[in-house]
Amino acid sequence: MKHSAKGNIILMLAAMIWGCGLVAQKAGMNYMGPLGFTSVRCLMGGIVLLPLVWFMDRRKTEDERKPEASRAQIVKGAIFCGAALTTLILCQQFGLPHTTVGKAGFITALNILITPIIGLFLGKKAGYNLWIGVFIGIFGIYLLCLSGGISDITFGDAMMLGAALVCAIHIHLIDHFVETVDPVKLSSYQFLFTGIVCFVPALIFEGLTWNAIVDCIIPLLYSGIASAGIGYTLQVIGQKMTSPNLACLIMSLETVFSLLAGWLFFHEILEPHEYVGCILMFAAIIISQLPEKEKAAD
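About the criteria used
Within any chain, residue numbers begin from 1 and follow the written order of that chain's sequence. The model is predicted, so local features are restricted to residues of pLDDT at least 70 and side-chain atom pairs to those at 80 or more, both for listing and for counting; the totals for chains, interfaces and linings are taken over all residues. Each side-chain value is worked out from all heavy atoms of the structure, with water and hydrogens disregarded. Strands are runs of DSSP state E lasting at least two residues, helices are runs of H or I lasting at least four, and both sets are numbered from the N terminus onward. It only takes one pair of heavy atoms within 4.5 Å for two residues to be counted as in contact. Calculation of accessible area relied on Shrake-Rupley with a 1.4 Å probe; when residues are assessed, cover is drawn exclusively from the protein chains displayed. Working convention: axes come from line fits to C-alpha atoms, limited for helices to the stretch in contact. Angles between N-to-C directions cover 0 to 180 degrees. Left-handed describes a crossing in which the near helix is turned anticlockwise from the far one by less than a right angle; the clockwise case is right-handed. Polar here means any residue outside two lists: the nonpolar Ala, Val, Leu, Ile, Met, Phe, Trp, Tyr, Cys and Pro, and the charged Asp, Glu, Lys and Arg; Gly therefore counts as polar. A residue counts toward a patch only above 30% relative accessible area and without a salt bridge, and it is joined to like-charged neighbours within 9 Å or, for Val, Leu, Ile, Met, Phe, Trp and Tyr, to nonpolar neighbours within 5 Å. Any Lys or Arg side-chain nitrogen found within 4 Å of a carboxyl oxygen on Asp or Glu counts as a salt bridge. For this analysis, a nonpolar core means a set of buried residues of the types Ala, Val, Leu, Ile, Met, Phe, Trp, Tyr and Cys, connected via side-chain atoms within 4.5 Å. Exposure categories follow from relative accessible area, calculated using a 1.4 Å probe and restricted to protein chains: below 20% of the type maximum is buried, above 50% is exposed, and the middle band is partly exposed.

Student: Would you explain the overall build of the protein chain in this entry?
Tutor: Scanning the protein chain from N- to C-terminus turns up 13 helices and 0 strands. A sequence separation of at least 24 residues applies to 90% of the contacts in the protein chain between residues at least 6 apart. Only carbon and sulfur atoms are counted for the fraction: they give 70% of the accessible area of the protein chain, which is about 15,200 Å².

Below, the structure written as structure tokens:
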């Protein structure tokens, strides 16, 4: 089993970049509408990944290369995954002004629990750790969003729950298409698809202008280049040095970093019961990803 301190540090850095990414997304709403911000940041993310696509293609040996997917399969993957990614990001962008960065990070992280549940309907088995995690996660989300009744759910919280669901669907779509399409190439193309799809509506409904892009350049650069380009690259490098289960646990620290970033940059303070909810949800994420003991052979 792979265990590398260097790989773990790289993955933790990726989690920190992604956790702070919600801060950039929320800050960007001060200058641009959700469609415009999503369009520009995704175009940046897709373009910045293109050199990585070229570099990784050059480094592959003939034995490492997958059978090349048809152009139609690549386009199909970019469209389906891009459509899910568009919905996911727009849910976050429309919801962030109405909730805190910390709550947004933890609620979106529910995708780690929702993903294997959806997998059950696709014929994929789930162990008892998942169901323990689901039970704890439900109680955590209750403390985070519902402790005062159904009226306590804000529009932002509902959007983040939607983002978590779509994120789980997106993960299964990625899992399907990476069988034939290079994952880095697919990631770049789906970002480009999202950026292009949101661009025209941003011009029509939000009056996207060059001045707005210039005013919002710092959040855009962070969301587009750091979160997408650098974060994804660090994930690819780190996962080569670390076992998959440990990698998933480390990357789930993104939720903790989002909470810290919200407190640091926006001075967001949660109620005591909301912090307990965050702790329970983080515990649920950890428990659901723990490896289960294999049954002894007869």
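Student: Quick question: what am I supposed to make of the environment of Pro219 here?
Tutor: The residue Pro219 is located in helix α10 (residues 217-239) in this model. Each C-alpha atom of the pair Pro219 and Gly28 lies 5.5 Å from the other, and the pair is 191 residues apart in sequence. Residues in contact with Pro219, not counting those within four places in the same chain, are Ala24, Ala27, Gly28 and Phe37.

Student: How should the packing of helix α4 (residues 101-108) against helix α7 (residues 155-177) be read in this particular structure?
Tutor: Angle between the axes and distance between the axes: these two values describe a pair of packed helices. Viewed as axis vectors pointing N to C, α4 and α7 meet at an angle of 30 degrees, and their least axial separation amounts to 8 Å. Considering how the two elements wind past one another, α4 and α7 form a crossing that is right-handed. On α7, the residues that touch Lys103, Ala104, Ile107 and Thr108 of α4 are Asp157, Met160, Leu161, Ala163 and Ala164. Classifying every residue of the contact of α4 with α7 by side-chain character gives 6 nonpolar, 1 polar and 2 charged.

Student: It is not clear to me how a nonpolar patch on the surface should be interpreted in this structure. Could you clarify?
Tutor: Side chains of Val48, Ile217, Ile218, Leu221, Ile225 and Ile230 sit close together on the surface and give an oily, nonpolar patch of about 450 Å² of accessible area. Within the secondary structure layout, Ile230 lies in helix α10.

Student: Would you explain the nonpolar core in this entry?
Tutor: Generally speaking, soluble globular proteins have nonpolar side chains that are buried together. Judged by nonpolar contacts, the single largest core of 21 residues is most densely connected at Leu110 and Leu113. Those elements that provide at least two residues to this core are α1 (5-28), α4, α6 (128-146), α7, α12 (254-266) and α13 (272-289). Listed in part, the 18 residues of the second largest apolar core include Leu52, Met56, Cys91 and Ala228.

Student: Can you walk me through the environment of His172 in this structure?
Tutor: Of note, His172 is situated in helix α7. On the basis of relative accessibility, which here comes to 14%, the residue His172 falls in the buried class. Each C-alpha atom, one on His172 and one on Gly119, is 7.8 Å from the other, the two residues being 53 residues apart in sequence. Contact partners of His172, with chain neighbours within four places excluded, come to Thr115, Ile118, Gly119, Leu122 and Lys124.

Student: Whenever I open this one, the pattern of salt bridges confuses me. Can you help?
Tutor: Any two side chains of opposite charge can pair, so long as their charged atoms come close to each other. Counted by the stated rule, this structure contains 2 salt bridges. With its nearest N and O atoms 2.9 Å apart, the salt bridge here joins Lys26 to Glu268. Placement of the pair is Lys26 in helix α1 and Glu268 in the loop between α12 and α13, with a sequence separation of 242 residues. Given the relative accessible area of 17%, Lys26 is considered buried. Taking the shortest distance from any N to any O, the salt bridge between Asp157 and Lys103 comes out at 3.4 Å. Here Asp157 is found in helix α7, whereas its partner Lys103 is found in helix α4, with 54 residues between them in sequence. For Asp157, a relative accessible area of 0% corresponds to the buried category.

Any functional reading would require information beyond the geometric quantities listed.
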